[in-house]
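What follows is each chain in one-letter form.
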Amino acid sequence: MTVATVKAISQPIAHKAKRRSSVLIIGSGIAGLFCAIKLARLNKNTKILIASKADLIEGSSKYAQGGIASVWSKIDTFDQHIADTLEAGAGLCDPKIVEICVKEGPKRVGELVEMGVPFTRSHSPLNPDFDLHREGGHSQRRILHADDLTGLAIETTLLSQARELEAQGQIEFLEHHIAVDLITEEKARGKPSTQIRQPGRCLGAYLLDVRENRIVAVESQVTVIATGGAGKAYLYTTNPDVATGDGIAIAYRAGAEVGNLEFMQFHPTCLFHPKERTFLISEALRGEGAILKNLAGESFMEKHHPLGCLAPRDIVARAIDKEMKRTGDKHVWLDLTCSGLSKEDIQKKFPNIFQKCLSLGIDITIEPIPVVPAAHYMCGGVKVDEHSRSTIESLYAIGEASFTGLHGANRLASNSLLEAVVFGARAAETAAVELSNRASQGETIANEIPEWDSGQAVALEEQIDIAATWLEVRTLLWNYVGIVRSNRRLERATRRLKIIHEEVQSYYWTYLLTKELIELRNLILVAELIVNGAQARRQSVGLHYTVDYP
Ligand code: FAD
Ligand code: SIN
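Note that this is a predicted model, so its numbers are computed, not measured.

Caption draft 1: Examining the packing of aromatic side chains more closely. Inspection of the entire model under this criterion finds six aromatic pairs. Consider the rings of Tyr-234 and Phe-266, whose centres lie 5.4 Å apart with planes at 85°: the pair is edge-to-face. Of this pair, Tyr-234 sits in the loop between β9 (214-225) and α7 (246-254) while Phe-266 sits in strand β11 (residues 264-271); the two residues are 32 residues apart in sequence, bridging distant segments of the chain. Pair check on accessibility: Tyr-234 and Phe-266 agree, each one buried. One aromatic cluster in this structure is built from Tyr-234, Tyr-236, Phe-266 and Trp-478. Seen from the ring of Phe-279, Lys-356 lies directly overhead, with NZ or CZ sitting 5.7 Å from the centre. Sitting above the plane of the Tyr-377 ring, Arg-411 keeps its charged end 4.1 Å from the centroid.

Caption draft 2: Representation of the pattern of salt bridges in the model. The full count for this structure, using the stated rule, is 36 salt bridges. Among the salt bridges present, the one from Glu-323 reaches Arg-326, with a minimum N-O distance of 2.7 Å. Taken as a pair, Glu-323 and Arg-326 lie in helix α9 (residues 313-327) at a separation of three residues, close to a single helical turn. Note on Glu-323: relative accessible area 4%, which makes it buried. With a relative accessible area of 54%, Arg-326 lands in the exposed category. Across the pair Arg-389 and Asp-385 runs a salt bridge, and its minimum N-O distance is 2.9 Å. A network of salt bridges, in which partner residues are shared, links Arg-201, Glu-393, Glu-434, Arg-438 and Glu-443.

Caption draft 3: Molecular detail of the sheet that holds strand β5 (residues 143-144). In spatial order, the strands read β3-β5-β4; together these three strands make up an open sheet with antiparallel pairing. The sheet terminates laterally at β3 (68-69) and β4 (132-133), the two strands that pair on one side only. Across two bridges, the pairing between β4 and β5 is antiparallel. Within the sheet, the bridge partner assigned to Leu-132 lies in β5 and is Leu-144.

Caption draft 4: Structural detail: the side chain of Gln-140. Mapped onto the elements of the fold, Gln-140 is located in the loop between β4 and β5. On the accessibility criterion, Gln-140 (15% relative accessible area) is buried. In terms of polar contacts, Gln-140 uses its side chain to reach the side chain of Gln-80, at 3.1 Å. Leave out the neighbours within four places in its chain, and Gln-140 touches Ile-75, Asp-76, Gln-80, Asp-84 and Arg-134.

Caption draft 5: How the structure looks around the site of ligand 1. Neighbouring ligand 1 are 38 residues; Ser-61, Gly-67, Asp-246, Glu-400 and Ser-416 lie closest to it. Contacts to ligand 1 include Ile-30, whose backbone N or O atom sits 3.3 Å from an oxygen atom. In the environment of ligand 1, an oxygen atom lies 2.6 Å from a nitrogen or oxygen atom belonging to the side chain of Glu-400. With the chains in place, 98% of the 1000 Å² that ligand 1 exposes on its own is no longer accessible. Only α2 (30-42), β2 (48-52), β7 (177-184), β14 (369-378) and α12 (415-440) provide two or more residues apiece to the shell around ligand 1. Residue classes in the shell around ligand 1 are distributed as 13 nonpolar, 20 polar and five charged.

Caption draft 6: Highlighting helix α13 (residues 466-480). The end-to-end C-alpha distance of α13, which contains 15 residues, comes to 21 Å, matching closely the 21 Å that a straight helix rising 1.5 Å per residue would cover. Among the residues of α13, those classed as buried are Ile-466, Ala-467, Thr-469, Trp-470, Val-473, Arg-474, Leu-476, Leu-477 and Tyr-480.

Caption draft 7: How the structure looks around the site of ligand 2. Close to ligand 2 lie Gln-65, Gly-66, Glu-135, His-267, Leu-280, Ser-282, Glu-283, Arg-313, His-376, Arg-411, Ala-413 and Ser-414. A distance of 2.6 Å is found between an oxygen atom of ligand 2 and a backbone nitrogen or oxygen belonging to Glu-283. Here ligand 2, which alone exposes 260 Å², has 93% of that area covered by the protein.

Caption draft 8: Local environment of the nonpolar core. One finds Val-180, Leu-182, Tyr-234, Leu-477 and Val-481 to be the most contacted residues of the largest nonpolar core, which totals 74 residues. With twelve residues, helix α15 (residues 515-536) is the single largest residue contributor to this core. Other than its neighbours up to four places away in sequence, Leu-477 contacts Ala-233, Tyr-234, Gly-482, Leu-497, Ala-527 and Ile-530. Grouped together as the second largest cluster of nonpolar side chains are 59 residues, Ile-82, Val-98, Leu-132 and Phe-423 included.

Caption draft 9: Spotlight on the sheet that holds strand β17 (residues 402-403). The three strands lie next to each other as β10-β15-β17, forming an open sheet whose pairing is mixed. Two strands in the sheet have a free side with no partner beyond their single neighbour: β10 (258-259) and β17. When β10 meets strand β15 (residues 381-383), the two strands line up antiparallel, connected through two bridges. In the strand pairing of β15, Gly-259 is matched with Gly-381.

Caption draft 10: Looking closely at the pairing of β2. Burial runs high along β2: five of the five residues are buried. When strand β1 (residues 16-26) meets β2, the two strands line up parallel, connected through four bridges. By the bridge assignment, Ile-25 is partnered in β2 with Ile-50. One crossover worth recording links β1 to the parallel β2 by way of α2, and it is right-handed. With five bridges joining them, β2 and strand β6 (residues 171-175) adopt parallel strand pairing. From the neighbouring strand, Ser-52 faces β6, where its bridge partner is Glu-175.

How each quantity is defined
Each chain carries its own residue numbering, running from 1 in the written order of its sequence. Here every chain gets a letter starting at A, and every ligand a number starting at 1, in the order they are written. Local features are withheld for residues below a pLDDT of 70 in this predicted model, meaning they are given only at 70 or higher, and side-chain atom pairs are given and counted only at 80 or more; totals for whole chains, interfaces and linings count all residues. The side-chain numbers reported here are obtained from all heavy atoms of the structure, hydrogens and water having been left aside. Pairing of aromatic rings covers Phe, Tyr and Trp, the last through its six-membered ring, and needs centres within 6.5 Å; plane angles under 30 degrees mean stacked, over 60 mean edge-to-face, and all others mean tilted. We count a stretch as a helix when DSSP gives it H or I for four or more residues in a row; a strand needs E for two or more, and each element gets its number in order from the N terminus. The rule is simple: take the accessible area with a 1.4 Å probe, protein chains only, and divide by the maximum for that residue type; under 20% is buried, over 50% is exposed, in between is partly exposed. In this analysis the charged atom, NZ for Lys or CZ for Arg, is taken to sit over a ring once it is within 6 Å of the ring centre and within 35 degrees of the ring normal. A pair is scored as a salt bridge if a Lys or Arg side-chain nitrogen falls within 4 Å of a carboxyl oxygen belonging to Asp or Glu. Pairing between strands is defined by DSSP: at least two bridges between the two strands are required. Nitrogen and oxygen atoms within 3.5 Å of one another constitute a polar contact, given that in protein one can donate a hydrogen and the other can accept it, and given that sequence-neighbouring residues count only through two side-chain atoms. Whether two residues are in contact is decided by their heavy atoms: any pair within 4.5 Å suffices. For this description, a residue counts as near a given molecule or strand if any of its non-hydrogen atoms is within 4 Å of it. Values of accessible area rely on a 1.4 Å probe in the Shrake-Rupley scheme; residue burial ignores everything except the protein chains shown. Ten residues, namely Ala, Val, Leu, Ile, Met, Phe, Trp, Tyr, Cys and Pro, are considered nonpolar, four, namely Asp, Glu, Lys and Arg, are considered charged, and the remaining ones, Gly among them, are considered polar. Given a helix with a known number of residues, its expected span is that number minus one, times 1.5 Å. In plain words, nonpolar cores are sets of buried Ala, Val, Leu, Ile, Met, Phe, Trp, Tyr and Cys residues tied together by side-chain atoms within 4.5 Å. Crossover handedness is defined here as right-handed if the route from the first strand over the helix to the second strand goes clockwise, with the strands pointing away from the viewer.

None of the figures reported here should be taken as evidence of function without further support.
Here it is in structure tokens:
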């Protein structure tokens, strides 16, 4: 959400509509698209609606730089990838999920290759087909990448595959449709009569068609949340505007279990520049020998971890935070000039980062890059089992919006895209079985879900300062629920969020919906859940570091 768009005055909801589909996937990032393509191929009769609140291509997927981790080289093993993932996760990973993800990884990456993803090639005898990068916490080179634009390469390949399935009538896109709330059996019956939640089955979702300004009630047999992360809850983030935690908020409101939201991962190296506050400087640069230094030119990571600059991300981000607090400096340097890579190698390996920095007056081949940590990845989310099923029947969650147990207290670099494809495929396989069981029981989709009820809401005739509230929440989280936490700061955050929550709830029920209001409401709920999680976890572990339980 940009400041320019948030002050729009809302118009009355023009009309309502109803849609039916076997499957509704909310989100068109790598997780949502991979799941849709697999499901469409598994079952040719399945009709899949993919809703996306912005342009289809917009989401964190498109910005992924480093790549996708998978055991590929001849000297790498599943055991090593499993051990690295468990080590980064600081004891809180689910070992069964880690094993599934690592072992199914090469198969899913192979499918991406077959679909045409242009991973960078190599001629090394150890990995004769694809070039492999190394990133923090990895004991081996195992990151397949497409230069430094891996996410864009995967996302565009998947989109073109999905477009083919659209031409065959199996997939339909609902672009610029934002999911407002899920429709559960409980919701369809009316407001819950007791405090004990009994959501029952998920029957679909209400979407706001942003361009037509109408609410579409989609009835589906299976609903998949693939809405990505929640980096926009923080003032400084590498995430795009769409990352407002919507899927986590709507699932929680519907009664699904969510978890581990206190584990927001801060990427150590986001570019520090007045004109560019979200651009990532990939960890792959450190994998190629770039060194973190303070402004006095001293390398400092050796003091914090035997792996130095290639320590797991939580440790590197905390070390930078500490160094900046100690020196009072606003950033540190990431120096690629000491890597031994030639100018040509740097330009060839990191063309996107090279060009972007150059456009801002920084030549990374001859000078260090100013960097700071920024909120990057949500390790928690909607709790799911190994088949991507949430705690609500017929509701699945995949990708960054989900909490599979893979990442524990801290995600290993480049395991996110891997999780998106492994568990996206698992969701597709399980949903295909669910749909065929339901078909054999003669189930059709005609439950007659209720239409959206706008109640007494009126069109918003005055500007409400959504932008200011948004900024307040993001600043609050950055200052009080950041890299280093304390009980006192968390209590302060709770008190302030409660007031903001009440104010926004009153807007929400009084005025007709806009995309901005929906996102703000979700962001506040996710912020509260992050703080609740942080308060409940009375220990320092992985990404949750508190001075009260050091
Ligand atoms: P996204 O790609 O974020 O897609 C979410 C989709 O949901 C979007 O289409 C969005 O419009 C839609 N959506 C959201 N809310 C709603 C709603 N209410 N209604 C309808 N639609 C909605 N991971 C790696 O493994 N390797 C990397 O190299 C790497 N680099 C990264 C670099 C950057 C700069 C960033 C930000 C992240 C990086 N990550 C990386 C993390 C990784 O990119 C993401 O975790 C992953 O792409 C998430 O995919 P996704 O499909 O779950 O979500
Ligand atoms: C990066 O390229 O540093 C991002 C990798 C990741 O987030 O996994």
